[in-house]
Amino acid sequence: MKIEGQRLTIELNETDLSLVVNGPAGTWRTLTGAHTWVEFRDGSRSARDFLSEADAIEILPIASGTGKGVRVRFSGFPSDKDFAMDTIWWIEEETGLLYAHMSPVREASGQLVRVVWPAPFDFESRDSKDVTVYPLMQGTLIPNGWPQEFDLDQHWELESEFVYTRSAYMPWWGQLRDCAGYMAIADTPWDAGFLLRHPAHGATSVQVQWHASLGCLSYARSLRFEFLTDCNYVTLCKHYRAWLRENGRLTTLQEKIRRNPRVETLMGTAVVHTGIWQEVKQDCRFYGVENPESVFVPYFCSFEQRAAQLEQLSAKGLRNAYLHVDGWGNAGYDSQHPDVLPPAEKAGGWEGLELLEKKTRELGFLFALHDQYRDFYLDAPSYDPELAVHDCNQNVPTTDLWVGGRQAFLCPSQSLQFIRRNYIRLKEKGLQPDGVYLDVFSCVVLDECWHPAHPVTRRQCMEYRENCFQWMCSQGIIVSSEEGIGWAMNSLDLVHHANYALVHEKKDGTLCGECTFAPYGIPVPLLNLVYHDCVVTPWYISEADDESPIGQSGFLHAMLNGGVPYVAIDASEEEIRRAGAVSDFHRLAGGLEMVSHRFVDGFHRQQSEFAGGICVEVDFETGEYRIFRNGEKA
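Here is what the cut-offs are and how they apply
- Residues numbered from 1 in each chain as written.
- Predicted model: local features only at pLDDT ≥ 70, side-chain atom pairs only at ≥ 80, totals over all residues.
- Heavy atoms only, no water.
- Helix = DSSP H or I, 4+ residues; strand = E, 2+ residues; numbered from the N terminus.
- Buried < 20%, exposed > 50% of the residue type's maximum accessible area, 1.4 Å probe, protein only.
- Contact = heavy atoms within 4.5 Å.
- Axes fitted to C-alpha atoms, helices over the stretch in contact; angles between N-to-C directions.
- Parallel < 35°, antiparallel > 145°, perpendicular 65-115°, else oblique.
- Left-handed = near helix turned anticlockwise from the far one by under 90°.
- Nonpolar A, V, L, I, M, F, W, Y, C, P; charged D, E, K, R; others polar.
- Pairing = 2+ DSSP bridges.
- Right-handed = clockwise from strand over helix to strand, strands pointing away.
- Salt bridge = Lys/Arg side-chain N within 4 Å of Asp/Glu carboxyl O.

**Some points on the environment of F376**
In this fold, F376 is placed in strand β25 (residues 375-377). F376 gets classed as buried once you look at its relative accessible area, which sits at 0%. Along the sequence, F376 and R598 sit 222 residues apart, while their C-alpha atoms lie 44 Å from each other. In this view, F376 contacts H337, P338, S382, Y383, D384, L387, A388, Q407, A408, F409 and L410; residues no more than four positions away in its chain are not counted.

The following block contains the structure:
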């Protein structure tokens, strides 16, 4: 069936359900319906049915005043005869966009797990100019023929099932044949995930998977394709930024400063990330390993000792700092949440915390606290299984991964109540942090809860987490969380990590394996090309803490990405001097859009350009950098 639009023509093969798209970006053909399926669960048994196995497949052309397309209705699957769904390929005439819509007709009689549709575009070639652009953490390019094998589905540490995790900070990808191609945006990203496969020396395949929402397809899903000419990875980032603007999801730092003037104090400020107390509890899975220090390093330092170290940093020349304090609560780091109060008695209690806050402010620094409202520890005084996340069988999932030991997960609908309780109590004691870090909210997958009294979908989870950020903002507090996850960027002022994804090899007794420092594909700053002027991001600049790809420098990445520096609590004068250079550049460019990035000479020389003609060039071989303004060296 052929549908001709003003800018695009699509043709559906009614036998194998492949689709051919013809337009200015050339011809693009999806693989066959054998690459699409629906997955059901019946108790502990899962079954996968190909869409082509449906008892009835009805194909119908459709049209309206805004476009035209083709609808395919699937009904009567081998594993669930009740389930029926529509898929629609739709050309929007005025924009030339192509949409892949999917919606329920009848829900499954059992439990739906996911639907994988549409099939990926055929991108088979060995031409290195054919490139997949993918938002794996900060971002990567995977040329066809690239020697590295990568199957996203095999990397649990990236939470690869869902977008808005390390596997996809942003819900889009693109594929380019030289300078023409397409980008795909999940218009309905809350339950979406991407399947990416790249065989060694082969071609990359990417497609979307739509997860059930509380066991049902529940609502219409939509994937938007835009076909482009004369484009590269920067172009795709700018088109996604425009999509965010259209949907009211792009909030710049200037807008955040108007909302909370304290955010302006972050510009050019070094982040000092330190802690008070951490110990591995007996019911943590790593308690019994021979060398738990290889996973979690126990530490203890009083509030007074940390205050003295801050004075030393100031004496060495550190002028602007944001002190982030881990492990300040009554049981130490990652323990007994959400009952973080009173402050750790062995470290000085209320008086000690007050002393540290006072000293931080005397030095002209910002004072911030780490906190956690997802992990729900079984030994917390407030622990109540009725407030925990429940799974589809009404069980309470638990884990023992973190130092605090056995924990459940606090239902997202309950988090804000505990936040208000704790920060009102802090305020009653005369303590008001400048910033608060709500751990993991902008890192881990969005949660579902099946408890009948407080069911939560992943979309609602996102909204509940945003409510927590917004409440902090309403109190005049700088809002931070873990990583540069796209949905959270509207609310966050500071994200603590937005690095490039590095390969980890499996190793017993470790959290995520052993880091090889080899990157996936070719690292590029896709996230910063979209969000640089929306959030402040620190980078490790010392060799001891560097998280950069092998052969590259965190200091130079901090410059290239226009970020702020991390500074250790016991930093040397040389580290503080280098941090000063990063901070100075952030004061110049931190509030500006990153308008371009390019490779100047191979991969070792790179250049980023910011609005207003400000440009920085770095050389990872020589360790040098240069700053230009309107083409002249600054």
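**Some points on unusual backbone geometry**
Along the chain, H337 connects to P338 via a cis peptide bond; the corresponding omega equals 15 degrees. The amide bond that connects L341 to the next residue, P342, takes the cis arrangement and shows omega of 0 degrees. A positive phi angle, near 50 degrees, is found at D334, a position not held by glycine. Mapped onto the secondary structure, D334 falls in the loop between β23 (321-326) and α4 (349-362).

**A look at the packing of helix α5 (residues 415-428) against helix α6 (residues 458-474)**
Geometry of a packed helix pair, given as the angle between the helix axes and the separation of the axes. The geometry of α5 relative to α6 is characterised by a closest axis approach of 9 Å and an angle of 20 degrees between their N-to-C directions. Of the possible angle classes, the one that applies to α5 and α6 is roughly parallel. Judged by the twist between their axes, the crossing of α5 over α6 is right-handed. Where α5 abuts α6, its residues S415, L416, I419, R420 and Y423 lie against N467, C468, W471 and M472. Its residues assigned to classes, the contact of α5 with α6 shows six nonpolar, two polar and one charged.

**A word on the pairing of β23**
Among the six residues of β23, six are classified as buried, and the element is accordingly described as predominantly covered. Of the two faces of β23, both are covered, the one formed by A321, L323 and V325 as well as the one formed by Y322, H324 and D326. Two elements, β23 and strand β24 (residues 366-371), share four bridges in a ladder whose sense is parallel. When the bridges of β24 are listed, Y322 appears paired with L366. Read as a crossover between parallel neighbours, the route from β23 over α4 to β24 is right-handed.

**A closer look at the pattern of salt bridges**
Applying the stated criterion across every chain, the model contains 30 salt bridges. Between R114 and E39 there is a salt bridge whose closest N-O contact spans 2.8 Å. Taken together, the residues R114 in strand β11 (residues 111-116) and E39 in strand β5 (residues 37-42) connect sequence positions 75 residues apart. Residues R114 and E39 agree in their burial class; the two are buried. Notably, a salt bridge pairs D584 with R587, separated by 2.6 Å at the nearest N-O pair. In this pair, D584 and R587 are both assigned in helix α9 (residues 573-589), three residues apart and thus about one turn of the helix distant. Classification of D584 as partly exposed rests on a relative accessible area of 46%.

**Points about the pairing of strand β17 (residues 192-198)**
Counting buried residues in β17 gives six out of seven residues, a clear majority hidden from the surface. Note that strand β14 (residues 150-151) and β17 share two bridges and pair antiparallel. Looking across to β17, one finds that F150 is bridged to H198. Summarising the sheet, β17 and strand β18 (residues 205-211) pair through six bridges and their orientation is antiparallel.

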